[in-house]
Amino acid sequence: MHRGAVYPLGMRKFLWGVATSAFQMEGAPRCDWTHWKIRDEADRKARLHGVGHIERTEEDLALLSDLGVNAYRFSVEWSRVVPRRGEWNRRELDRYVRIAASLRDSGIEPVVTLHHFTNPAWLVGRSAWENPATAAEFLRFAERAVRALRDSVRVFITFNEPNVFIVAGYFAKRMPPGGKRAREGLAAFANVLRAHGTLYDMIHALGRERPAVGLAHNMVAFHPASDKSALDRWAAGVAHTFYNMGLIETFRTGTFSVRIPFLLDEETPVGVRDKVDFLGVNYYFRMFLRMSPLSLKGPDPFWEDRGGRGLTETGWEVYPKGFEDVLRAAALAGVPIVVTENGTAETDDLRKIAYMKEHLRVVRRMIREGIDLRGYFWWSLMDNYEWLEGLRPRFGLFHVDFDTLARRPTDASSYFSRWVRRRIAADEAARRHNTP
Ligand code: FCB
């Protein structure tokens, strides 16, 4: 479907949806996150059960119809489907298949992520993504999952935010596998990209209904801590080139290159040229970088309220202008863009709504400007397990009582619902008008 060719079926309409991931909603007893740096008993429990989505699947899916969205992004938990090496749990896979089928029956497009941060524990015990064997195992799982899902799913996301889990897992050591070296991180990145390429072809070969295959890419609005500092400006430029644009370049050229003047200059062919039907963009914040001449560890990243909109409960700066900037940069990929995540952690509904309003306005403006945007997904349907902070930040349209796990709509859910219902109705009217 590249560059103006045929629309895949799942993307004929603008996708207005909400996003979740399996681990954050369901927990998982056998993945690399299950025991990773547990903080306390409540944390341990949340890693195993998330916010109880397994027991409340139907009730939770009904919330999507209440909202009136026409798409839902969720992920399949690899470690549930393959709990031990070579062991397949068909029942677990069938559950995801049932979710997808019931969404389709309700007129909600299922958008399925095949890898959202977690890996099975049996695999990581021996190796992680720096080892090509991991990719081979993942592809075995993904092939089965795609075969099972292909009757209902026509929009697939191969990986969620490789730049986040590689940088956090290998460079910053804040996510599993942790404690590895930068060189292994680069090898891991290349293996993930190669796996994406293979999976792209596989999904197109197996797909029943002209599938669309993308990847969800985290993008950050990097700014120098001080405009006056050449070093800060340099750091912000390098971060943008590597973190934001590296993947986009790789899809354009097929080669994963890392160029950090004086430090690294590497090119690895990964065979993914043009192997992306849409680019998923996950955007949350602006980040400042400060680079002191003595800093050996690299630039110092931080958030600060410089735009007057404040910081969120996760400490992130609210900065809608950055959303615009990253969408324009993402458009350089030359393929349609879907905002696969955007959202904010706020207990105060008014603040959540203010964020939503401003970011939705950016979506509207970008479409008018001619950026090929095909969807917007709010993170998240409900409060859930946040990777580094557990059950505390509230990203949800539905509030979750973390003791009873009861769900309750917030004012932000009504605001979002009104917005998407209006947009969906307007799109439908326009389509009717255009088709004789
Ligand atoms: C993104 C993750 C998502 C969620 C949001 C807040 O980086 O993809 O799972 O945790 O951040």
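Everything quoted here is computed from the prediction, not taken from an experiment.

Re the overall build of the protein chain
Then, in step 1: Broken down by element type, the protein chain carries 13 helices and 13 strands.
Then, in step 2: For 436 residues, the compact-globule estimate of 2.2 N^0.38 gives 22 Å, and the C-alpha radius of gyration of the protein chain, at 21 Å, lies within 12% of that figure.
Then, in step 3: Dimensions along the principal axes, computed over C-alpha positions, put the protein chain at roughly 60 × 50 × 50 Å.
Then, in step 4: Every one of the 436 residues in the protein chain was classed for burial, and the buried ones make up 58%.
Then, in step 5: Of all intrachain contacts in the protein chain linking residues separated by at least 6 positions in sequence, the fraction that spans at least 24 positions is 74%.
Then, in step 6: Accessible surface computed for the protein chain: about 18000 Å², of which carbon and sulfur atoms make up 53%.
Then, in step 7: Looking at charge distribution, the protein chain has the averaged site of its 64 positive side-chain charges lying 3 Å from that of its 54 negative ones.

Details of the confidence of the model for the protein chain
Then, in step 1: Of all residues in the protein chain, 97% have pLDDT values of 70 or greater, and the mean over the chain is 94.
Then, in step 2: Contacts of residues 1–5 to residues separated by more than four positions or lying in other chains number 14 contacts, the stretch itself having pLDDT below 50.

Focus on helix α10 (residues 230–253)
Two residues of an α-helix separated by three or four positions point the same way, owing to the 3.6 residues in each turn.
Then, in step 1: The terminal C-alpha atoms of α10, which comprises 24 residues, lie only 30 Å apart, well short of the 34 Å expected from a rise of 1.5 Å per residue.
Then, in step 2: The largest bend in α10 amounts to roughly 60° and is located at methionine 245.
Then, in step 3: Phi turns positive, to about 85°, at glycine 254, one or two residues after α10.

A few points about the site of the ligand
Then, in step 1: As a structural note, the neighbourhood of the ligand is formed by Gln24, His116, Asn160, Glu161, Tyr284, Glu341, Trp379, Glu386, Trp387 and Phe395.
Then, in step 2: Between the ligand and glutamine 24 there is a distance of 2.7 Å, counted from an oxygen atom to a side-chain nitrogen or oxygen.
Then, in step 3: A distance of 2.8 Å separates an oxygen atom of the ligand from a polar atom in the side chain of histidine 116.
Then, in step 4: Protein contact buries 95% of the 300 Å² of open area that the ligand shows by itself.
Then, in step 5: For the shell around the ligand, a count of residues per class yields four nonpolar, three polar and three charged.

Description of the side chain of aspartate 277
Then, in step 1: Within the secondary structure layout, aspartate 277 lies in the loop between β7 (264–269) and β8 (278–290).
Then, in step 2: Reaching out from aspartate 277, the side chain makes a polar contact with the side chain of tyrosine 200 at a distance of 2.6 Å.

So, unusual backbone geometry
Then, in step 1: The omega torsion of the bond from proline 176 to proline 177 falls at 5°, within 30 degrees of zero and hence cis.
Then, in step 2: Following tryptophan 379, the chain continues to serine 380 via a peptide bond in cis, the omega torsion being 10°.
Then, in step 3: Its location among the elements puts serine 380 in the loop between β11 (373–379) and β12 (398–400).
Then, in step 4: Positive phi values are uncommon outside glycine, yet lysine 37 reaches one of about 45°.
Then, in step 5: The residue arginine 210 is not glycine, and still its phi comes out positive at about 40°.

Some words on a positive patch on the surface
Then, in step 1: A surface patch of like charges, here positive, comprises Lys357, Arg361, Arg364, Arg368, Arg418 and Arg422.
Then, in step 2: With four residues, the single largest contributor to the positive patch is helix α12 (residues 349–369).
Then, in step 3: As for its position among the elements, lysine 357 is in helix α12.
Then, in step 4: Take lysine 357: its relative accessible area is 34%, and that puts it in the partly exposed class.

Here we look at the packing of aromatic side chains
Then, in step 1: Under the defined criterion, the tally for this structure stands at 30 aromatic pairs.
Then, in step 2: Each residue in the set Phe14, Trp16, Tyr355, Tyr376, Trp378, Phe416 and Trp419 is aromatic and connected to the rest through ring pairs, giving one cluster.
Then, in step 3: When the ring centre of tyrosine 319 is taken as reference, the NZ or CZ atom of arginine 286 above it lies at 3.8 Å.
Then, in step 4: Taking NZ or CZ as reference, arginine 306 lies 4.0 Å from the ring centre of phenylalanine 288, over its face.

Remarks on the nonpolar core
Then, in step 1: Within the largest apolar cluster, 148 residues are counted, with the highest numbers of intra-cluster contacts made by Trp129 and Tyr376.
Then, in step 2: No other element matches helix α9 (residues 182–206), which puts 12 residues into this core.
Then, in step 3: In this view, tyrosine 376 contacts Phe14, Leu15, Trp16, Gly17, Phe323, Val339, Asn342, His359, Leu360, Val363 and Phe416; residues no more than four positions away in its chain are not counted.

Side note on the pattern of salt bridges
Then, in step 1: Considering all chains together, one arrives at 34 salt bridges under this definition.
Then, in step 2: The partner of lysine 13 in a salt bridge is glutamate 109, and the shortest N-O contact between them spans 3.1 Å. In this pair, lysine 13 sits in the segment before β1 (15–19) while glutamate 109 sits in strand β3 (residues 109–115), placing the two residues 96 residues apart along the sequence.
Then, in step 3: For lysine 275, the salt bridge is made with aspartate 201, and the minimal N-O distance between the two is 2.8 Å. Of the two residues, lysine 275 is situated in the loop between β7 and β8 and aspartate 201 in helix α9; the sequence distance between them amounts to 74 residues.
Then, in step 4: Given a relative accessible area of 37%, aspartate 201 falls into the partly exposed group.
Then, in step 5: Taken together, the shared-partner salt bridges in this structure form one network comprising Lys13, Arg104, Glu109, Arg154 and Glu209.

With respect to the environment of glycine 308
Then, in step 1: With respect to the element layout, glycine 308 can be found in the loop between β9 (300–302) and α11 (320–330).
Then, in step 2: According to the relative accessible area criterion, glycine 308 is exposed, its value standing at 67%.
Then, in step 3: Here the alpha-carbon distance between glycine 308 and arginine 361, two residues 53 residues apart in the chain, equals 18 Å.

Here's the deal with the packing of α9 against α10
Helix packing for two helices is described by the angle between their axes and how far apart those axes are.
Then, in step 1: It is the contact of α9 with α10, at a shortest axis distance of 12 Å, that shows an interaxial angle of 40°. Taken together, the axes of α9 and α10 lie oblique to each other. In this structure, the crossing between α9 and α10 has a hand that is right-handed. Of α10, the residues touching α9 (which contributes Leu186, Phe189, Leu193 and His196) are Phe242, Leu247, Thr250 and Phe251.
Then, in step 2: Looking at side-chain class alone, the contact of α9 with α10 contains six nonpolar, two polar and no charged residues.

What counts as what
Each residue is numbered by its place in its chain's sequence as written, counting from 1. For this predicted model, a pLDDT threshold of at least 70 governs which residues receive local features, and a threshold of 80 or more governs which side-chain atom pairs are given and counted, while totals over whole chains, interfaces and linings are taken from all residues. Note that the side-chain values use all heavy atoms of the structure and ignore hydrogens as well as water. Secondary structure elements follow DSSP: runs of H or I no shorter than four residues count as helices, runs of E no shorter than two count as strands, and numbering proceeds from the N terminus. Put simply, the radius of gyration uses C-alpha atoms, and a globule should come to 2.2 Å times the residue count raised to 0.38. The cut-offs for exposure are 20% and 50% of the maximum accessible area for each residue type, with area from a 1.4 Å probe on protein chains only; residues under the lower value are buried, those over the upper are exposed, and the others partly exposed. The contact rule is simple, with two residues in contact once any of their heavy atoms fall within 4.5 Å. All accessible-area figures derive from a Shrake-Rupley calculation using a 1.4 Å probe, and residue coverage is judged against the displayed protein chains alone. Within this scheme the basic residues Lys and Arg register as positive and the acidic residues Asp and Glu register as negative, but His and the chain ends are omitted. By convention, charge coordinates are those of NZ in Lys, CZ in Arg, CG in Asp, or CD in Glu. The predictor attaches a confidence to each residue, and that confidence, scored 0 to 100, is pLDDT. Given the number of residues in a helix, its expected span is that number minus one, multiplied by 1.5 Å. To get the bend at a given residue, fit one axis to the seven residues ending there, fit another to the seven starting there, and take the angle between those axes. Definition of nearness: a residue and a molecule or strand are near each other if at least one heavy atom of the residue lies within 4 Å of the molecule or strand. A 3.5 Å cut-off defines polar contacts: any pair of N or O atoms within that distance qualifies, except that in protein one atom must be a possible hydrogen donor and the other a possible acceptor, and neighbouring residues in sequence count only when both atoms are side-chain atoms. Three categories are distinguished: nonpolar for Ala, Val, Leu, Ile, Met, Phe, Trp, Tyr, Cys and Pro, charged for Asp, Glu, Lys and Arg, and polar for the others, with Gly belonging to the last. Only residues above 30% relative accessible area that lack a salt bridge enter a patch, with like-charged residues linked at up to 9 Å and the nonpolar side chains Val, Leu, Ile, Met, Phe, Trp and Tyr linked at up to 5 Å. Think of a salt bridge as a Lys or Arg side-chain nitrogen and an Asp or Glu carboxyl oxygen that are within 4 Å of each other. Side-chain rings of Phe, Tyr and Trp, where Trp is taken by its six-membered ring, are said to pair if the distance between their centres is within 6.5 Å; with planes under 30 degrees apart they count as stacked, over 60 as edge-to-face, and otherwise as tilted. Both a distance and an angle decide whether a charge sits over a ring: NZ of Lys or CZ of Arg must be within 6 Å of the ring centre and within 35 degrees of the ring normal. The nonpolar core is taken to be a set of buried Ala, Val, Leu, Ile, Met, Phe, Trp, Tyr and Cys residues, with the residues joined through side-chain atoms within 4.5 Å. Simply put, an axis is a line fit to the C-alpha atoms, just over the touching stretch for a helix, and the angle between two N-to-C directions goes from 0 to 180 degrees. Working definition: roughly parallel below 35 degrees, roughly antiparallel above 145 degrees, roughly perpendicular at 65 to 115 degrees, and oblique for all remaining angles. Each crossing gets its handedness from the near helix: less than a right angle anticlockwise from the far helix is left-handed, clockwise is right-handed.

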